[in-house]
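The chain contents come next:
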Amino acid sequence: MPEIAEVARITHFLRKHLVGKRISKVIAADDSNVFGKVGTTGAEFQKAVTGKKVISAGSQGKYFWITLDSPPHPVMHFGMTGWLHIRSEQTGYTRYVEKTKNDKEEWPPRFWKFQLETDSDPKVEVAFTDARRFGRVRLVDCPGDNIRKHSPLKENGPDPVVDKDVFTEEYLVQKMRNRHVPIKALLLDQAMISGIGNWVGDEIMYHSRMHPEQYSDTFSDEDMAKLFRSIMYVCDTAVGHLGDSDKFPDDWLFNHRWGKGKKDASTILPTGEKIVFITVGGRTSCVVPSVQKKTGNATVSITKEEREALENGEESKYFEEKAPKKGGKAKNIKEEEEEQQPAPRSARSAKRKAVKEEEGDEEAAPEKVTPVKKIAKKPRKGATTDAEPVSGNAAKTKKGKPEAKPASPAPDLGRRRSGRLRGKDA
């Protein structure tokens with residue numbers, strides 16, 4: 001999914017090529033997902049944008065928009081696979097646009113949802129594409145300066161790069177202390193912080209030397225300050241390079257994290273540190289366990305290497321040593337793993353769910369767990385039991401008559417099959 005750096009890249013190209021020009025022609029597909037799920041249609045978008053002059057372009061986290069000379073204004077989100085193309089311009093980078101300098105440009109590009117052109121000379125041609133249709137294009141009817149005060153932007157948290165006056169260390173510390181969720185899940189929560197997605201979140205965790213599974217309210221003040229500095233460093237650097245990964249520092253995890261599931265892919269950093277992949281909050285996280293050690297309570301899932309270290313009494317390889325509490329850290333972690341207690345739901349869960357649905361993220365809310373009914377095991381032939389019958393009908397003999405209850409009940413030779421709770425992860 002395009003994150004804060006990729007959205008900043010597109011905003012840069014919009015300011016460079018579209019701002020100050022008038023849109024003379026618009027064609028929009030009538031997509032019930034991209035337009036329809038946010039209350040508009042391709043025809044309404046086409047009517048609202050045609051003939052308008054583009055005044056400015058802006059972004060907040062994973063959202064971006066263009067301000068026209070009169071409302072309504074288009075506000076867009078890429079979802080999982082969305083992108084904005086400008087003809088004869090390489091707006092896409094790495095995995096978002098599969099095109100090299102030798103490729104012949106296809107226009108309009110595949111999976112386009114709208115395309116427009118300006119009346120300038122030379123004209124500018126722009127197209128929004130989305131193969132999987134998780135992207136969203138809406139119209140916000142308000143003065144251009146108030147776009148961020150309206151949905152969906154007002155429900156989202158501050159942008160670490162754009163909103164430096166709001167996203168402060170004090171803001172982050174307060175959010176971490178007031179929540180009891182894995183720290184990676186908090187970073188991905190767009191209602192808390194705008195723009196951080198999977199790869200940016202992993203990079204932040206790596207540079208702050210924090211484990212993504214550790215609960216947000218278990219870090220020290222020093223750790224929280226370190227995390228804030230890491231967020232600012234990673235986001236400022238990625239946005240400063242407009243998502244151009246060739247310009248990212250050599251020591252970034254980004255340069256080595258894309259080998260999961262690929263044959264002969266490296267799982268070791270140049271420093272010799274091993275890379276592993278775990279699932280946190282329903283999302284795959286890239287972790288370097290020997291660097292990112294758990295210093296407090298964490299979710300119950302641990303890697304194979306961590307489990308073996310605990311069993312062999314070598315927890316210092318993956319868990320930072322601190323003063324033991326009631327049996328020591330290794331024992332506490334084992335006990336927590338056995339208890340498997342889920343984190344309590346936050347009062348803001350509905351709001352965060354709405355934000356995730358708005359993004360079109362593949363991650364869905366966990367399904368309700370429904371217990372399977374217990375089934376009584378049938379007694380062996382000839383055995384009797386005083387257990388109540390499972391069905392509402394009385395048991396019958398071969399001739400259809402109810403069986404007589406024995407004067408002295410025989411021991412129950414049957415055994416009830418224990419019920420199991422079965423759920424499906426999001």
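First things first, this report covers the structure right here in the doc. Since we're looking at a predicted model, the values are computed, not measured.

The next subject is the overall build of the chain. In terms of helices and strands, the chain carries 9 helices and 12 strands. Out of the 426 residues in the chain, the part that is buried amounts to 46%. Taking the contacts inside the chain whose residues are at least 6 apart along the sequence as the reference set, 67% of them involve residues at least 24 apart. Of the roughly 23800 Å² that the chain leaves accessible, carbon and sulfur atoms contribute 48%.

This part covers the nonpolar core. Counting 35 residues, the largest nonpolar core has Ile196, Leu227 and Ile231 as the members making the most contacts within it. Looking at this core, the elements that each hand over two or more residues are α1 (4–17), α3 (169–177), α4 (183–188), α5 (198–208) and α6 (221–240). Among the elements that line this core, the one with the most residues is α6, at 9 residues. Ile10, Ala28, Phe64 and Val137 belong to the second-largest nonpolar core, a separate cluster that totals 28 residues.

Following the criterion strictly, the structure yields 12 salt bridges and no others. Across the salt bridge formed by Arg87 and Glu125, the nearest N and O atoms sit 3.2 Å from each other. On the criterion of sequence distance, the pair formed by Arg87 in the loop between β5 (82–86) and β6 (112–118) and Glu125 in strand β7 (residues 125–130) is long-range, its members being 38 residues apart. Of the residues examined, Glu125 reaches a relative accessible area of 14% and is grouped as buried. For Asp202, the salt bridge is made with Lys184, and the minimal N-O distance between the two is 2.7 Å. Of this pair, Asp202 sits in helix α5 while Lys184 is found in helix α4, placing the two residues 18 residues apart along the sequence. Side by side, Asp202 and Lys184 carry an identical accessibility label, which is buried. Among the ionic contacts, a cluster of salt bridges with common partners joins Asp31, Lys113 and Arg133.

Another aspect to go through is the packing of aromatic side chains. A complete count under the given rule lists 13 aromatic pairs for this structure. On the numbers, 5.3 Å between centres and 25 degrees between planes, the contact of Phe78 with Trp83 is stacked. An identical accessibility class is assigned to Phe78 and Trp83; each is buried. An aromatic cluster is present here, built from Phe35, Phe45, Phe64, Phe78, Trp83, Phe114 and Phe128 joined pairwise through their rings.

Let's shift gears to the packing of α3 against α6. Where α3 contacts α6, the axes come no closer than 10 Å and their chain directions differ by 125 degrees. If you check the angle between α3 and α6, you find them oblique. For α3 against α6, the interelement crossing comes out right-handed. Residue-level contacts link Glu169, Leu172, Val173, Met176 and Arg177 of α3 to Asp221, Met224, Ala225, Leu227, Phe228 and Ile231 of α6. Looking at the contact of α3 with α6, its residues break down into 8 nonpolar, no polar and 3 charged.

Here we take up unusual backbone geometry. In this model, Pro71 is joined to Pro72 through a cis peptide bond whose omega is 0 degrees. For Pro72, the position within the fold is in the loop between β3 (63–68) and β4 (73–77). Omega for the peptide link from Ser151 to Pro152 comes to 5 degrees, which places this bond in the cis form. The residue Pro152 is located in the loop between β8 (136–140) and α3 in this model. Phi is positive for Arg133, close to 65 degrees, though the residue is something other than glycine. When you line up the elements, Arg133 lands in the loop between β7 and β8. Of note, Leu242 is a non-glycine position whose phi angle comes to about 55 degrees, a positive value. Looking at where Leu242 falls in the secondary structure, it is placed in the loop between α6 and β9 (276–280).

Between α5 and α6, the shortest axis-to-axis distance is 9 Å and the interhelical angle comes to 130 degrees. Between α5 and α6, the angle falls in the class oblique. When the axes of α5 and α6 are compared, the crossing they make is right-handed. Facing α5, whose interface residues are Trp199, Val200, Glu203, Ile204, Met205, His207 and Ser208, α6 presents Lys226, Leu227, Ser230, Ile231, Tyr233, Val234, Cys235 and Ala238.

With that out of the way, let us pick up the environment of Val234. By the element assignment, Val234 lies in helix α6. Separated by 33 residues in the primary sequence, Val234 and Gly201 place their C-alpha atoms 9.1 Å from one another. Beyond its immediate sequence surroundings of up to four residues, Val234 is in contact with Val200, Glu203, Ile204, His207 and Trp252.

Reading across the sheet, the 4 strands line up as β2-β3-β4-β8 and stay open at both edges, with antiparallel pairing between neighbours. The open sheet terminates on both sides in strands that have one partner only, identified here as β2 (54–60) and β8. Looking at each pair of strands side by side, their axes are set apart by 20 degrees on average, direction ignored. Where β2 meets β3, 6 bridges bridge the pair, whose relative direction is antiparallel. The partner of Val54 across the bridge, within β3, is Leu68. The strands that α1 touches are β2 and β3; relative to β2, the one it contacts most, it runs at about 170 degrees. Helix-sheet contacts for helix α2 (residues 42–49) involve β3, β4 and β8, and the interaxial angle to β8 is about 50 degrees.

About the cut-offs
Residues numbered from 1 in each chain as written. Predicted model: local features only at pLDDT ≥ 70, side-chain atom pairs only at ≥ 80, totals over all residues. Heavy atoms only, no water. Helix = DSSP H or I, 4+ residues; strand = E, 2+ residues; numbered from the N terminus. Buried < 20%, exposed > 50% of the residue type's maximum accessible area, 1.4 Å probe, protein only. Contact = heavy atoms within 4.5 Å. Areas by Shrake-Rupley, 256 points an atom, 1.4 Å probe, with all protein chains shown as cover. Core = buried A, V, L, I, M, F, W, Y, C linked by side-chain atoms within 4.5 Å. Salt bridge = Lys/Arg side-chain N within 4 Å of Asp/Glu carboxyl O. Phe/Tyr/Trp six-rings, centres within 6.5 Å; stacked < 30°, edge-to-face > 60°. Axes fitted to C-alpha atoms, helices over the stretch in contact; angles between N-to-C directions. Parallel < 35°, antiparallel > 145°, perpendicular 65-115°, else oblique. Left-handed = near helix turned anticlockwise from the far one by under 90°. Nonpolar A, V, L, I, M, F, W, Y, C, P; charged D, E, K, R; others polar. Pairing = 2+ DSSP bridges.

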